[in-house]
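Residue-level listing of the chains:
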Amino acid sequence: MSDRLAILLQYLLPKQALTSLAGRAANARWGGLTTAVIRRFIRRYGVNMAEAANPDPAAYPTFNEFFTRALRPGARPLAVADLLCPVDGAISQFGRIERDQIFQAKGHHFSTTALVGGDATLAARYEDGHFANVYLSPKDYHRIHMPCAGRLLRMIHVPGDLFSVNPVTARGVPGLFARNERVVCEFERPDGERFVMVLVGATIVGSMATVWHGVVNPPRPGQVREWRYEDQRIELAQGAEMGRFLLGSTVVMLFPKGPLKFNPAWLPAGPVRLGEVMAD
């Protein structure tokens, strides 16, 4: 199938309905059928179950519990660095934010204001800063961890489309990460600097969850929802779990202007693993 046809089909498909159906199926307890689906998924995508805390496919009563499986202790040692990669995946893009524009793919950019749900004041903190987009494929570990220590300030759920977020779609759909449904989390580091982690939804991503809130979506009320946490002390250490995708997607990170040096080994489309050096 050509890239153009694949993109056209995504515009035509009932993505919300498919996503809702997939979410219900992924949470269903179908006994042996669930185990058979999990085993087929493992073979199809080459999932390394030796890294899982429980490597037995039959131990997971639902597909979502398998998909969000924990890693065995020591499977992802944490490097010593200012910023660590928060997920397993592949680098979509990374680099400097040009004023308020983030590079998506050849010919496509999107604004920080659009990404965070229209809050121009929040977006302004990251003008001329840095960004990194990491794509999680079906075979990857799907829990999301902290790139550095941080205190939670706010969370914003932004309604939107549910296009796939694979590389083909990133090249073909303008403003992809700022038009898909997403959960925006702003943190404050111990040194007072702030950063943002955006969990981007996609086709058949049943929901996204955070450790402090639980499942954020559904519900999908069709309007921006916001939670404030400045009066609470929700603090997460570097490397601690902060959330998870129930079926896979992309994480976009924003950092303010400053002398950030990304890992020189990082390359667009290159594989990365949780706990590796992201930047110093």
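Reading the values: the criteria
- Within each chain, residues carry numbers counting from 1 in the order of the written sequence.
- With pLDDT at 70 or above as the cut-off, local features in this predicted model cover only qualifying residues; side-chain atom pairs require 80 or more to be listed or tallied, and sums for whole chains, interfaces and linings still use all residues.
- To get the side-chain values, take all heavy atoms of the structure and skip hydrogens and water.
- In this text, helices come from DSSP runs of H or I with a minimum length of four residues, and strands from runs of E with a minimum of two, each type numbered from the N-terminal end.
- With C-alpha atoms as the basis for the radius of gyration, the globule rule is written as 2.2 Å multiplied by the number of residues raised to the power 0.38.
- Buried means the residue's accessible area, taken with a 1.4 Å probe over protein chains only, is under 20% of the maximum for its type, while exposed means over 50%, and partly exposed covers the values in between.
- Pairs of residues are marked as contacts when any of their non-hydrogen atoms sit within 4.5 Å.
- Here the accessible surface of atoms and residues is derived via Shrake-Rupley with a 1.4 Å probe, and residues count as covered only by protein chains that are part of the display.
- The positive count covers Lys and Arg only, the negative count covers Asp and Glu only, and His and the chain ends enter neither.
- Working definition for charges: the position is that of NZ of Lys, CZ of Arg, CG of Asp or CD of Glu.
- Put simply, a patch holds well-exposed residues, over 30% relative accessible area, that have no salt bridge, with like charges counted together within 9 Å and Val, Leu, Ile, Met, Phe, Trp or Tyr side chains within 5 Å.
- Any Lys or Arg side-chain nitrogen found within 4 Å of a carboxyl oxygen on Asp or Glu counts as a salt bridge.
- The set of buried Ala, Val, Leu, Ile, Met, Phe, Trp, Tyr and Cys residues whose side-chain atoms join them within 4.5 Å is what this entry labels a nonpolar core.
- Residue count minus one, scaled by 1.5 Å, sets the expected span of a helix.
- Along the arc lie the directions from the helix axis toward the C-beta atoms.
- Should DSSP find at least two bridges between two strands, the strands are taken to pair.
- Working convention: axes come from line fits to C-alpha atoms, limited for helices to the stretch in contact. Angles between N-to-C directions cover 0 to 180 degrees.
- A pair of aromatic rings is counted whenever rings of Phe, Tyr or Trp (Trp by its six-membered ring) have centres within 6.5 Å, and the orientation is called stacked for planes under 30 degrees apart, edge-to-face for over 60 and tilted otherwise.
- Our definition puts a charge over a ring when NZ of Lys or CZ of Arg is within 6 Å of the ring centre and also within 35 degrees of the ring normal.

Quick word on the overall build of the chain
Move 1: A tally of regular secondary structure across the chain gives 8 helices and 17 strands.
Move 2: By the compact-globule yardstick of 19 Å for 280 residues, the chain fits well, its C-alpha radius of gyration being 18 Å.
Move 3: With the principal axes as the frame, the chain shows a C-alpha extent of 50 × 45 × 40 Å.
Move 4: Of all 280 residues assigned to the chain, the portion counted as buried reaches 53%.
Move 5: If you take every contact in the chain between residues at least 6 apart in sequence, the share linking residues at least 24 apart comes to 76%.
Move 6: On the chain, roughly 12500 Å² of surface is accessible, and the fraction owed to carbon and sulfur atoms is 56%.
Move 7: One finds the centroid of the 32 positive side-chain charges in the chain at a distance of 8 Å from the centroid of its 25 negative side-chain charges.

Quick notes on the environment of Asn 64
Move 1: Mapped onto the fold, Asn 64 is located in helix α4 (residues 63–67).
Move 2: What makes Asn 64 buried here is its relative accessible area of 5%.
Move 3: As for Asn 64 and Ala 170, which are separated by 106 residues in sequence, their C-alpha atoms are 25 Å apart.
Move 4: If we skip the residues at most four places from it in the chain, Asn 64 touches Gly 23, Ala 26, Asn 27, Leu 246 and Leu 247.

Details of a positive patch on the surface
Move 1: On the surface, a cluster of positive charge is contributed by Arg 39, Arg 40, Arg 43 and Arg 44.
Move 2: Within the secondary structure, Arg 40 is located in helix α3 (residues 32–45).

Examining the nonpolar core
Move 1: The biggest cluster of nonpolar side chains holds 35 residues, and the ones touching the most others in it are Phe 187, Met 197, Trp 212, Met 242 and Val 251.
Move 2: Of all the secondary-structure elements, those providing two or more residues to this core are β5 (130–135), β7 (150–158), β8 (182–188), β9 (194–200), β14 (241–246), β15 (250–255) and β17 (277–279).
Move 3: Excluding its chain neighbours within four sequence positions, the residues that come into contact with Met 242 are Ile 144, His 145, Met 146, Cys 185, Phe 187, Met 197, Leu 199, Ala 209, Thr 210, Val 211, Trp 212 and Leu 236.
Move 4: Among the nonpolar cores identified, the runner-up in size contains 26 residues, and Ile 97, Phe 163, Val 184 and Val 200 belong to it.

Digging into α3
Note on helix geometry: an α-helix contains 3.6 residues per turn, so any two residues three or four positions apart are oriented the same way.
Move 1: Taking 1.5 Å of rise per residue, 14 residues should cover 20 Å, and α3 covers 20 Å from first to last C-alpha, within 8% of that figure.
Move 2: When α3 is considered as a whole, its buried residues turn out to be Thr 34, Thr 35, Ile 38, Phe 41 and Ile 42. End-on view of α3: buried residues confined to an arc of 120°, all on one side of the axis. With respect to the buried face of α3, the exposed residues turned more than 90 degrees away are Gly 32, Leu 33, Arg 40, Arg 43 and Arg 44.
Move 3: The elements touched by buried residues of α3 are α4.
Move 4: Remark: Gly 46 follows α3 within two positions and exhibits a positive phi of approximately 70°.

Thoughts on the sheet that holds strand β11 (residues 214–217)
Move 1: Read across the sheet, 4 strands follow the order β6-β14-β10-β11 without closing on themselves; strand pairing throughout is antiparallel. The strands lining the two open edges of the sheet, one partner per strand, are β6 (143–145) and β11. Taking the axes of each pair of neighbouring strands and ignoring which way they run, one obtains an average angle of 25° across the sheet.
Move 2: Sheet topology places strand β10 (residues 207–210) next to β14; 4 bridges connect them, and they run antiparallel.

So, the packing of aromatic side chains
Move 1: In this structure the tally under the stated criterion is 15 aromatic pairs.
Move 2: Centre to centre, the rings of Phe 41 and Tyr 45 are 4.7 Å apart; their planes meet at 45°, and the pair counts as tilted. Of this pair, Phe 41 and Tyr 45 both sit in helix α3, 4 residues apart, which is roughly one turn of that helix.
Move 3: Each residue in the set Phe 41, Tyr 45, Tyr 60, Phe 63, Phe 66 and Phe 67 is aromatic and connected to the rest through ring pairs, giving one cluster.
Move 4: A cation sits over an aromatic face here: Arg 44 above Tyr 45, 4.8 Å from the ring centre.
Move 5: If you follow Arg 69 out to its NZ or CZ, it ends over the ring of Phe 66, 4.7 Å from the centre.

Things to note about unusual backbone geometry
Move 1: Located in the positive-phi region is Arg 99, a residue other than glycine, with phi close to 60°.
Move 2: Structurally, Arg 99 can be placed in the loop between β2 (89–96) and β3 (101–105).
Move 3: On the basis of relative accessible area, Arg 99 is assigned to the exposed category, the value being 62%.
Move 4: For Asp 128, which is not a glycine, the phi torsion comes out positive at approximately 60°.
Move 5: Mapped onto the elements, Asp 128 comes out in the loop between α6 (120–124) and β5.

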